[in-house]
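Residue-level structure breakdown
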Amino acid sequence: MGRFESNLSETCHFNPLDPEEFRKQAHEIVDFIADYYQNIESYPVLSQVQPGYLRANLPENAPYLPEPLETILKDMQNQIIPCMTHWLSPNFFAFFPATVSTAAFLGEMLCTCFNSVGFNWLASPASTELEMTVMDWLANMLKLPKSFMFQGTGGGVIQNTTSEAILVTLIAARDKALHVLGFDNMHKLVVYASDQTHSTFAKACKLAGISPRNIRSIPTTLDACLSLSPLHLRTVVEADIAVGLVPLYLCVNVGTTSTTAVDPIGPLADVANEHGIWVHVDAAYAGSACICPEFRHHLNGIERVDSLSLSPHKWLLSFLDCCCLWVQKPSSLVKALSTNPEYLRNKQSESDSVVDFKDWQVGTGRRFKSLRLWLILRTYGIVNLQGHIRSDVDMAKMFEGFVKSDARFEMVVPRDFGLVCFRLNPDENFGSDYTEMLNPKLLEWVNSTGRVYMTHTKVGGIFILRFAVGGTLTEERHVVAAWKLIKEGADALLKAT
């Protein structure tokens, strides 16, 4: 018989995870990251490159031979970083913050270290039970009733984003209703939300098979602080019932994306409960503030809803992505989303004595994300997390004071949390068209400097500047400097016009 001879020499031995080489390279990466955080203010907040910049500067094909880490990090510095918008910059005041922390970073490192794919309890008992524990911890911090906790009759799960939290609860509500109505009545199901609800709601409805003509976007007004009226909701629901439609799902907001408007949970839930409507509370941004007693009233009436979600990556220092979803009746999720192929069967799951989180989400695989929250809660404690929220709110109050102290500017909606919604309105005698022309120009002027990044919204036809305070590295001096820059831009625009 012939003898097999390898064409590979000993020098070509490939070992993708050598512990000592990992130790050496990880130290280099940590130094790179620490230097990036230390020098982040030196970069323009909003990327100044043009579309196609990076693709034009990178090779068309992957390298055939390996390259040293030093070369890759040099390209990171010279090619990638200039092409980034720096969300962690202390001068990033756009959208909502994507908060980070040392504790969460270490938790993410551990999550990646174990690479646990915890789709069911047996695949990773620690992943499942730690998630159950931290979800109950956070529920207690929010003073949720026991009916939302594993300690009681409910429970919580970490989703990726609010989009998925809405989608899975909507599917649970849909299947529950169709089990009674019959699946041929899908076309009768109607969902409700205010016109301030995030666009992800309509996307989730489409994915769940809700007809676009059955998605009710109920108008709000500036006079009512853009909050959904229970009376208006009742009118719309009863009109649908009168023509034979079936009210299914209501999305209530605690802190809308445009202006952080808050809907009244209790009165809206009263209307919904009369008609058997599933009530979900989207508190993606502002929900985190409710760990502070002075903000907890925004969750009043929460005991009368079916589900609640908030995103710690927005304000609780946990890195993207992390959305916490609680439900009063987990069986509704499990019935709608459960799969049980032979290759995943096991004694513990069959006995119904454990939680299998694969049946609480869209996908099957899931990461050990609870480590991030576990390290955050243990490393900082509730007291420091409350202090972090309050500090951001205080800086937003300071910026609000700046706006009110300059007669050329005005607040458009009241400030409740860390977002200030304002506009330049120097002279009412010039009319609304002049004001509407000025504010986009001011925003463009400010962002083009690279020193600050803000975004805008439109409410009631009004162009509004949004100043969102909450970046982990943001200090009072950054807020002061941002206001000085905004005033400088206003001076330049008004002088030119």
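Residues numbered from 1 in each chain as written. Predicted model: local features only at pLDDT ≥ 70, side-chain atom pairs only at ≥ 80, totals over all residues. Heavy atoms only, no water.

Let us now look at the pairing of strand S3 (residues 215-218). Both strand S2 (residues 189-194) and S3 contribute to a ladder of 4 bridges, which runs parallel. Bridge assignment links tyrosine 192 to a residue of S3, and that residue is arginine 216. Between the parallel pair S2 and S3, the chain is carried across by helix H7 (residues 200-207), and the sense of this crossover is right-handed. (Pairing = 2+ DSSP bridges. Helix = DSSP H or I, 4+ residues; strand = E, 2+ residues; numbered from the N terminus. Right-handed = clockwise from strand over helix to strand, strands pointing away.)

As a further point, take helix H13 (residues 370-405). In a regular helix each residue adds 1.5 Å, so 36 residues correspond to 52 Å; H13 covers only 44 Å between its end C-alpha atoms and thus falls short of that length. Glycine 381 marks the point of greatest bend in H13, at about 90 degrees. (Expected span 1.5 Å × (residues − 1). Bend = angle between axes of the 7 residues up to and from the residue.)

Of all hydrophobic cores here, the largest spans 76 residues; its most connected members are Leu144, Leu250 and Trp326. When residues of this core are assigned to their parent elements, the largest contribution, 8 residues, is made by H13. Apart from residues no more than four positions distant in its own chain, leucine 250 is found in contact with Tyr192, Ala193, Leu228, Leu233, Leu268, Ala272, Ile277, Trp278, Val279 and His280. If you look at the next biggest cluster of nonpolar residues, it comprises 36 residues, including Val246, Val327, Val355 and Trp360. (Core = buried A, V, L, I, M, F, W, Y, C linked by side-chain atoms within 4.5 Å. Buried < 20%, exposed > 50% of the residue type's maximum accessible area, 1.4 Å probe, protein only. Contact = heavy atoms within 4.5 Å.)

Quick look at the packing of helix H6 (residues 162-181) against H7 now. At a minimum axis distance of 9 Å, the contact between H6 and H7 shows a crossing angle of 40 degrees. As judged from the angle between their axes, H6 and H7 are oblique. The interaxial crossing formed by H6 with H7 has right-handed handedness. Note on element contacts: H7 touches H6 through Thr200, Phe201, Ala204, Cys205 and Leu207, opposite Ser163, Ile166, Leu167 and Leu170. Along the lines of polarity and charge, the residues of the contact of H6 with H7 split into 7 nonpolar, 2 polar and no charged. (Axes fitted to C-alpha atoms, helices over the stretch in contact; angles between N-to-C directions. Parallel < 35°, antiparallel > 145°, perpendicular 65-115°, else oblique. Left-handed = near helix turned anticlockwise from the far one by under 90°. Nonpolar A, V, L, I, M, F, W, Y, C, P; charged D, E, K, R; others polar.)

Our next topic: the packing of helix H1 (residues 19-39) against helix H3 (residues 69-80). Pairs of packed helices are described in terms of their axes, by the angle between the two and the distance that separates them. Where H1 meets H3, the axes come as close as 11 Å, and the angle between the chain directions of the two elements is 15 degrees. By the angle between their axes, H1 is roughly parallel relative to H3. The handedness of the crossing between H1 and H3 comes out as right-handed. Residues Lys24, Gln25, Glu28, Ile29 and Phe32 of H1 form the contact with H3, whose participating residues are Leu69, Glu70, Leu73, Met76 and Gln77. Per-class residue counts for the contact of H1 with H3 are 5 nonpolar, 2 polar and 3 charged.

Within this structure, the stated rule accounts for 24 salt bridges. In this structure, the salt-bridge partner of lysine 404 is glutamate 400, at a minimum N-O distance of 3.2 Å. One end of the pair, lysine 404, and the other, glutamate 400, are both in helix H13, 4 residues apart, so they sit about a helical turn from each other. Note on lysine 404: relative accessible area 58%, which makes it exposed. A salt bridge links arginine 477 to glutamate 475, with the shortest nitrogen-to-oxygen separation between them at 3.0 Å. Residue class for arginine 477 comes out partly exposed when judged on its relative accessible area of 48%. A network of salt bridges, in which partner residues are shared, links Glu41, Glu475 and Arg477. (Salt bridge = Lys/Arg side-chain N within 4 Å of Asp/Glu carboxyl O.)

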